[in-house]
2 protein chains.
Amino acid sequence: MNGIFREHLEKFITVNDTEYLAIAAFFQVIDVRKKDNLLVEGEPCRWHYFVLNGCLRKFFINDKGVEQTTEFAIETWWMTDNMAYEHKRPTDFYIQAVEDAAVLYIDWETQEQLVAEFPQMERYFRFVYQRAFAAAQIRLKYLYDFSKEEIYDHLCRMQPAFVQRIPQYLIASYLGFTPEYLSEIRKKKRS
Amino acid sequence: MNGIFREHLEKFITVNDTEYLAIAAFFQVIDVRKKDNLLVEGEPCRWHYFVLNGCLRKFFINDKGVEQTTEFAIETWWMTDNMAYEHKRPTDFYIQAVEDAAVLYIDWETQEQLVAEFPQMERYFRFVYQRAFAAAQIRLKYLYDFSKEEIYDHLCRMQPAFVQRIPQYLIASYLGFTPEYLSEIRKKKRS
């Protein structure tokens, strides 16, 4: 797991070597290739994913048959369809690798055993969800406050490496643009 | 606290009478009148609020000077500006009582002491944030997938008591409508 998971745990909690090995044993690791699906619409959402390296995206297919990306997860981000994961319901989403990726995964029951045996993991997940919720609140404010072009500008300013890393048609899908419209905006920005 | 807070805790954790009294002692209670502000733009966000009864809303004032409501909190919902609360930053938001309300509140340091002394409260807050994040993910999907009119229809179907309870101009502010436009939609729905 090349240390990245332990480093992330230690941002929020203290774990010694023995504890870390015991905690890590609750997780499985999978290597996925670009475009592989980890979750498919209509299936029960069994897994909670943590990105060790690479990038995932979450999307749904709208009434017009268009893939609408709602989230990305790069290194140290967790991703799942949280409502479907907790309640073991079929999901409306796909989770797909944007790049070749290595991903930790755990199911709900195992995660519950983990937090029961290692109460500091309750604290860890409390912080993970707290920060994810805070980020979602900020994103909701942007959706109210900014035009899509302003959100793109903001993304370029705040997350330049991310915008460089992700294929432009997926950035367009995330912003709700057509790829053609995003290309026009980019030309305007350069001129 | 008329039992509502304890009932909410017991949805997620077990607390005996002695523990409950000790946990409750970490919180303060305030009665607010309709239109009172609990949080004002530009101030540091010190408090995390839990609604015992009544209703709060969170809003910001946009560039055009219009109040844009982003969230409501009724009984058993927590509310704050989470990013500003954790990092003790000035907030961009107002939190205001929509109805006369009774509200529990706690500051970040006291909340941290609470979870240190009562580890089951880590579990409680983990669930609170997890569900809030899951709800925010669903809301983001709606914003991508539905027109504003469809979101209003959905709100009327899924939360009829809530739509009845909240003044229509605030429902309009939440959906990003003008009150006049919401009134037109309502006329169309009745005809």
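Residues numbered from 1 in each chain as written. Chains lettered and ligands numbered in written order. Predicted model: local features only at pLDDT ≥ 70, side-chain atom pairs only at ≥ 80, totals over all residues. Heavy atoms only, no water.

Looking at an unreviewed UniProt entry, one finds chain A named Crp/Fnr family transcriptional regulator, with Flavobacterium pallidum as its source organism.

A. Fine view of the pairing of strand 5 (residues 67–73) of chain B. All names here are of chain B. Buried residues dominate strand 5, accounting for six of its seven residues. As paired elements, strand 4 (residues 56–61) and strand 5 share six bridges and run antiparallel to each other. Residue pairing in the sheet places Phe59 in a bridge with Thr69 of strand 5. Following strand 4, the chain reverses through five residues before pairing antiparallel with strand 5; Gly65 in that reversal takes a positive phi of roughly 80°. (Buried < 20%, exposed > 50% of the residue type's maximum accessible area, 1.4 Å probe, protein only. Helix = DSSP H or I, 4+ residues; strand = E, 2+ residues; numbered from the N terminus. Pairing = 2+ DSSP bridges.)

B. Local environment of the pairing of strand 8 (residues 101–107) of chain B. Residue and element names in this part refer to chain B. Along strand 8, seven of the seven residues are buried, which leaves the element largely enclosed by surrounding structure. Taking every second residue as pointing to the same face, both faces of strand 8 are buried, with Ala101, Val103, Tyr105 and Asp107 on one and Ala102, Leu104 and Ile106 on the other. Pairing of strand 1 (residues 28–32) with strand 8 involves five bridges; the strand directions are antiparallel. Residue pairing for strand 8: Gln28 is matched across the bridge by Tyr105. Bridge count between strand 3 (residues 47–53) and strand 8: six bridges; the pairing is antiparallel. What sits directly across from Tyr49, in strand 8, is Tyr105.

C. Representation of the interface of chain B and chain A. Each partner contributes to the interface: chain B provides 40 residues, whereas chain A provides 40 residues. Taking both sides of the interface into account, the surface hidden between chain B and chain A amounts to around 3700 Å²; carbon and sulfur atoms contribute 61%. Broken down residue by residue, the surface that chain B buries against chain A is led by B:Arg126, B:Phe133 and B:Tyr144, which jointly contribute 19%. A salt bridge links A:Arg123 to B:Glu112; its shortest N-O distance comes to 2.6 Å. At the junction of chain B and chain A, the tally comes to 20 residue pairs in polar contact (both at pLDDT 80 or more). Mapped by element, the contributors of at least two residues to the side of chain B that touches chain A are strand 4, strand 5, helix 3 (82–87), helix 4 (108–117) and helix 5 (120–145) of chain B. Considering every element that reaches the side of chain B that touches chain A, the biggest residue donor is helix 5 of chain B, with 21 residues. In the side of chain B that touches chain A, the residues fall into 18 nonpolar, nine polar and 13 charged. (Contact = heavy atoms within 4.5 Å. Buried area = accessible area lost by both parts, 1.4 Å probe. Salt bridge = Lys/Arg side-chain N within 4 Å of Asp/Glu carboxyl O. Polar contact = N/O pair within 3.5 Å; in protein donor to acceptor, adjacent residues only side chain to side chain. Nonpolar A, V, L, I, M, F, W, Y, C, P; charged D, E, K, R; others polar.)

D. Fine view of the relation of the copies chain B and chain A. When chain B is fitted to chain A, the best match, at an RMSD of 0.0 Å, comes from turning it 180° and sliding it 0.0 Å along the axis. Taken together, the turn and the small shift mark the pair as related by a two-fold rotation axis. Comparing contact sets, 100% of the residues at the interface of chain B also lie at the interface in chain A, consistent with an isologous, same-surface contact. (Least-squares fit on C-alpha atoms with pLDDT ≥ 70 in both.)

E. View of helix 4 (residues 108–117) of chain A. Residues of helix 4 of chain A that are buried: A:Trp108, A:Thr110, A:Gln111, A:Glu112, A:Leu114 and A:Val115. In this structure, the buried side of helix 4 of chain A is in contact with helix 2 (17–24), strand 3 (47–53), helix 3 (82–87), strand 8 (101–107) and helix 5 (120–145) of chain A together with helix 5 of chain B. One side-chain oxygen of the residue at the start of helix 4 of chain A lies 3.3 Å from the amide nitrogen of A:Glu109, identifying that residue as A:Asp107.

F. Structural context of the confidence of the model for chain A. In this model, chain A carries a mean pLDDT of 94, and residues with pLDDT of at least 70 account for 99%. Overall fold confidence (pTM) sits at 0.94, and the ipTM for the predicted complex is 0.93. (pLDDT = per-residue confidence, 0-100.)

G. Focus on the layout of surface pockets. Considering only enclosed or pocket space, the second largest pocket measures out at about 230 Å³ in volume. Lining the second largest pocket, in full, are A:Asp81, A:Met83, A:Ala84, A:Arg89, A:Pro90, A:Thr91, A:Asp92, A:Phe93, B:Ile138, B:Lys141 and B:Tyr142. When residues of the lining of the second largest pocket are traced back to their parent elements, those giving at least two are helix 3 of chain A together with helix 5 of chain B. Here the element with the most residues in the lining of the second largest pocket is helix 5 of chain B; it accounts for three residues. Its residues assigned to classes, the lining of the second largest pocket shows six nonpolar, one polar and four charged. (1 Å grid on protein atoms, 1.4 Å probe; cavity = no way out; pocket = protein on both sides within 12 Å on 5 of 7 lines; lining within 4 Å. Points joined across faces, edges and corners; volume = space filled by probe spheres on them.)

H. View of the environment of A:Trp77. Residues and elements named next belong to chain A. By secondary structure assignment, the location of Trp77 is in the loop between strand 5 (67–73) and strand 6 (78–79). For the pair formed by Trp77 and Cys156, sequence separation is 79 residues and the distance between their alpha carbons is 20 Å. The residues contacting Trp77, other than those within four sequence positions of it, are Tyr49, Phe50 and Val51.

I. Region of interest: the side chain of B:Arg57. Residues and elements named next belong to chain B. Assignment of secondary structure puts Arg57 in strand 4. Overall, Arg57 belongs to the buried group, its relative accessible area being 2%. At 2.5 Å, the side chain of Arg57 forms a polar contact with the side chain of Glu67. Residues within four places of Arg57 in sequence aside, it is in contact with Glu67, Thr69, Glu71, Phe72, Met79, Tyr94, Ile95, Gln96, Val98, Leu170 and Ser173.

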